[in-house]
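Fold and geometry: a report
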Number of protein chains: 2
Amino acid sequence: MELISSTKTFGGWLKRYKHESLSVKGDMTFAIYLPPQAENQAVPVVYWLSGLTCTDENFIQKAGAFKKAAELGLAIVCPDTSPRGTDYPEEHDSYDFGSGAGFYVNATVDPYRHSYHMYDYVVQELPHLVEEHFPVTQKRSISGHSMGGHGALICALKNPGCYQSVSAFAPISNPTQCPWGHKAFKGYLGEDQATWEEWDASLLVANAKEKLPLLVDQGEADDFLVEQLKPEALEAACLAADHPLTLRRQPGYDHSYYFIASFIDDHLEHHASALK
Amino acid sequence: MELISSTKTFGGWLKRYKHESLSVKGDMTFAIYLPPQAENQAVPVVYWLSGLTCTDENFIQKAGAFKKAAELGLAIVCPDTSPRGTDYPEEHDSYDFGSGAGFYVNATVDPYRHSYHMYDYVVQELPHLVEEHFPVTQKRSISGHSMGGHGALICALKNPGCYQSVSAFAPISNPTQCPWGHKAFKGYLGEDQATWEEWDASLLVANAKEKLPLLVDQGEADDFLVEQLKPEALEAACLAADHPLTLRRQPGYDHSYYFIASFIDDHLEHHASALK
């Protein structure tokens, strides 16, 4: 691992690293916030998955999460949102596909199947790397925004026992049924829509082996709410499967980091309770 | 005034406006955060002056100040750091002079004297505009970072009675004696260094008509500390003039917004006490 930067904030340290990833077959960058408590003891980790167009830096710059993380003794790990080293045809042409838009799946379609394995990276490789190199416990929680909210939900639903808690901000709740999901799943997984189902939170809920409660915040003034995010699908699926869901519809809030910042402390408190 | 955007955050509203400024003879952009209390009553205002290269957006995106502002019932107003509509020779060539680097002075040298009147804009025009159009009181405080820390200190020191309180993060404390200040003052004020003195906080302290306490945070790992910032000059001047100064040297902190975010709540508490 190569240290890119190290910055003191709220008594802890925010560090960015580059490392060679086996999952995505190239260099990846991530950020980790180590709270002050990490100087003397191992601390639990919240993984944060960012949305379309983001890197490992959006959350660390804009979410305002570190004061509460320092208070609660939580590390926060922020991966990038896609592999970066490749140059496939059209990979960099859209904001909602290819670079910056890995969708936290394992691609099976050429050429993306050669490197777009963000699911394996986030669920397996990154936690192992973090747990090997930093003063953290093996207790993990996961959260994210939009595409990353989808990522957090599927990672938790597909891996019983792996996470102590999960939450999401404005997640793409039912990607098999929205334009962003269609475009991504077609490009990464191919035309056979049956293969898409294992990457859709609203479909995974029905067969979840663990009833991990889902905490979801959704702004009611979010421009993507109706066409892309579809929290009502997740709500219906949770109701049908008797899966615990706290869906908070927040009047007036949009899709931005100003919305995330407004409620991130609640999410960190939620994770800290589970990680205790 | 033209509304650029309106975003709900922490129960209040963050709005950005463009307006035609008489001081700088062109369009200016600013941001205002109105806390939830502003829906029912007039609230006091903290003015935030940003540093080199910044716009009205750096603070609102990165400082993490709105949770505390909402709790304390403070509006926060963030102006841009220079006029933007002009295209003087070399105006856009340096990060530390011209656009993005107005230094909160009134320029007297051609061509900058035609529009670079950021001091008048920040002290006179903007507060009048804000007090005319928003539910705010006439109680004002001022703070800022680096070049904006210099700005906050000189605005307060030159205008007794105008501000209830003042604070600064890593201010350019003695600009007549550092490279950034030399370059800016020579370019905006000319070769006669006697004219520079009225824009230097460490020189203004000696004759300040009001002993408004100065709160200053300075990171000890700040790369600009020794050559550019010189808090020891401000400290000596305050000691000589018996001017109250709280200078907090923060071990390990750098010049970034991660440093500002770590201590902004303390500054807002300081201002709120004075604004009560």
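Report follows, based on the coordinates. Values in this document were obtained by computation on a predicted structure and should not be read as measured data.

What counts and how
- Residues numbered from 1 in each chain as written.
- Chains lettered and ligands numbered in written order.
- Predicted model: local features only at pLDDT ≥ 70, side-chain atom pairs only at ≥ 80, totals over all residues.
- Heavy atoms only, no water.
- Helix = DSSP H or I, 4+ residues; strand = E, 2+ residues; numbered from the N terminus.
- Rg over C-alpha atoms; globule rule 2.2 N^0.38 Å.
- Buried < 20%, exposed > 50% of the residue type's maximum accessible area, 1.4 Å probe, protein only.
- Contact = heavy atoms within 4.5 Å.
- Areas by Shrake-Rupley, 256 points an atom, 1.4 Å probe, with all protein chains shown as cover.
- Pairing = 2+ DSSP bridges.
- Axes fitted to C-alpha atoms, helices over the stretch in contact; angles between N-to-C directions.
- Polar contact = N/O pair within 3.5 Å; in protein donor to acceptor, adjacent residues only side chain to side chain.
- Arc of directions from axis to C-beta.

Side note on the overall build of chain A
The number of helices and strands found in chain A is 9 helices and 9 strands. Its C-alpha atoms give chain A a radius of gyration of 17 Å, within 12% of the compact-globule value 19 Å for 276 residues. Viewed in the frame of its principal axes, chain A has a C-alpha envelope of about 50 × 40 × 35 Å. Buried positions account for 63% of the 276 residues belonging to chain A. Within chain A, contacts between residues separated by at least 24 positions form 71% of all contacts whose residues are at least 6 apart in sequence. Total accessible area on chain A stands at roughly 10,300 Å², and carbon and sulfur atoms take up 49% of it.

Notes on the sheet that holds strand β1 (residues 2-9) of chain A
All names here are of chain A. Ordered by their spatial adjacency, 9 strands build an open sheet running β1-β2-β3-β5-β4-β6-β7-β8-β9, and the pairing between neighbours is mixed. Each edge of the open sheet carries a strand with a single partner, namely β1 and β9 (245-250). For this sheet, the mean angle separating the axes of adjacent strands, direction not counted, is 20°. Two elements, strand β3 (residues 26-34) and strand β5 (residues 75-79), share 4 bridges in a ladder whose sense is antiparallel. Opposite I32, over in β5, you have V77 as the bridge partner.

Some words on the sheet that holds strand β7 (residues 165-169) of chain B
Residues and elements named next belong to chain B. Spatially, 9 strands are ordered β1-β2-β3-β5-β4-β6-β7-β8-β9 in an open sheet, and the strand pairing comes out mixed. For this open sheet the edge positions go to β1 (2-9) and β9 (245-250), each flanked by a neighbour on one side alone. Strand-to-strand twist of the sheet, defined as the mean angle between neighbouring strand axes without regard to direction, takes the value 20°. Where strand β8 (residues 214-219) lies against β9, 6 bridges are found, and the strand directions are parallel. Paired with G219 across the bridge in β9 is Q250. Where helix α4 (residues 147-158) meets the sheet, its contacts fall on β4 (43-49), β6 (136-144), β7 and β8, and the angle it forms with β6 comes to roughly 130°. With respect to the sheet, helix α8 (residues 231-241) is in contact with β8 and β9, its orientation differing from that of β9 by roughly 155°.

Regarding the side chain of N159 of chain A
Residue and element names in this part refer to chain A. Here N159 is to be found in the loop between α4 (147-158) and β7 (165-169). With relative accessibility at 15%, the residue N159 sits in the buried group. A polar contact of 2.7 Å, which involves the side chain of N159, links it to the side chain of Y119. A distance of 2.8 Å separates a polar atom in the side chain of N159 from the backbone oxygen of C155. Every residue in contact with N159, bar those within four places of it in the chain, is listed here: Y119, V123 and E210.

Overview of helix α8 (residues 231-241) of chain A
Residue and element names in this part refer to chain A. Those residues of α8 not exposed but buried are P231, A233, L234, A237, C238 and A241. When α8 is viewed along its axis, its buried side chains cluster within an angular range of 155° and face the same direction. Residues of α8 that are exposed and angled more than 90 degrees away from the buried face: L239 and A240. Looking at the buried positions of α8, the neighbouring elements they touch are α4, α6 (201-204), β8 (214-219), α7 (225-229) and β9. A positive backbone phi angle near 55° is found at D242, which sits one or two residues after α8.

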